[in-house]
Amino acid sequence: MQLFKIGACQIISNYSSVSALYSKIIKTEEPTNIGFIDIEQGGIVGYHIAPVPQLFIVIQGEGWIEGEDNTRITLKSGEGVFWEKGEGHTSGSETGLTALVLQSEKLTIPSSLNS
């Protein structure tokens, strides 16, 4: 498991852009499932083994994750976790959260996201 915070933003200066920033998260080489997980107040995604590498980024709210060591780590908006294939984990929230989730056989976390 690798924790990270979304890093430095680049100013978007083309296309007549104004006050716009871009943060690259990841580039994929293989087909990738991209979706959102909404965990409602008091909700839990039960313990499971990652079938493929997974990137979980909290975009709204706050919650927690637990890896195989059962250590609970709090995550808030702009923070996330990368699980390798085969890593067991669970997640939840006392107040509710929305997370962006990317899953792919060939997904690797870029060094720019390492905490």
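For the structure itself, look to the data block above.
About the thresholds
Here the residue numbers are simple positions, counted from 1 along each chain's written sequence. With pLDDT at 70 or above as the cut-off, local features in this predicted model cover only qualifying residues; side-chain atom pairs require 80 or more to be listed or tallied, and sums for whole chains, interfaces and linings still use all residues. Think of the side-chain values as coming from all heavy atoms in the structure, minus any hydrogens and water. The helix and strand labels rest on DSSP assignments: H or I over at least four residues marks a helix, E over at least two residues marks a strand, and numbering proceeds from the N terminus. In this description, contact between two residues means that some pair of their heavy atoms is separated by no more than 4.5 Å. For this document, the term salt bridge refers to a Lys or Arg side-chain nitrogen within 4 Å of an Asp or Glu carboxyl oxygen. Note on exposure labels: buried denotes an accessible area under 20% of the residue type's maximum, exposed denotes more than 50%, and partly exposed covers the range between, all computed with a 1.4 Å probe on protein chains only. In this description, strands pair whenever DSSP reports at least two bridges between them. In summary, the charge assignment counts Lys and Arg as positive and Asp and Glu as negative, without counting His or the chain termini. We define a polar contact as two N or O atoms separated by no more than 3.5 Å, with the added condition that, inside protein, one atom must be a possible hydrogen donor and the other a possible acceptor, whereas residues neighbouring each other in sequence contribute only through side-chain atom pairs.

**Brief notes about the environment of E62**
Along the chain, the position of E62 falls in strand β6 (residues 54-66). Separated by 39 residues in sequence, E62 and S23 place their C-alpha atoms 20 Å apart. Among residues more than four places away in sequence, those in contact with E62 are T74, L75, K76, S93, T95, G96 and L97.

**With respect to the side chain of S104**
Here S104 lies in the segment after β10 (97-103). Ignoring any residue separated from it by four or fewer positions in sequence, one finds S104 in contact with E30, P31, T32, V52 and P53.

**Regarding the pattern of salt bridges**
Per the counting criterion, the structure on display carries two salt bridges. Among the salt bridges present, the one from E66 reaches R72, with a minimum N-O distance of 2.9 Å. Under the relative-accessibility criterion, R72 is labelled partly exposed at 45%. Salt-bridge contacts for E105 lead to K85; the nearest nitrogen and oxygen are separated by 3.6 Å. With E105 in the segment after β10 and K85 in the loop between β8 (79-83) and β9 (88-92), this pair connects stretches of sequence that are 20 residues apart. Take E105: its relative accessible area is 48%, and that puts it in the partly exposed class.

**A closer look at the pairing of strand β7 (residues 72-76)**
In this sheet, β7 lies alongside β6 in antiparallel orientation, the contact comprising five bridges. Each bridged residue has a counterpart across the sheet, and for I65 the counterpart in β7 is I73. Hairpin connection, β6 to β7: the antiparallel pair is bridged by five residues, and N70 has positive phi, about 65°.

**Description of the side chain of E87**
Topologically, E87 is positioned in the loop between β8 and β9. There is no salt bridge for the buried E87, and the closest opposite charge comes from K85, which lies 13 Å off by N-O distance. Of the polar contacts made by the side chain of E87, one reaches the backbone nitrogen of M1; its length is 2.6 Å. Each residue touching E87, except ones within four places of it in the same chain, is listed here: M1, H48, I49, A50, E68 and F82.

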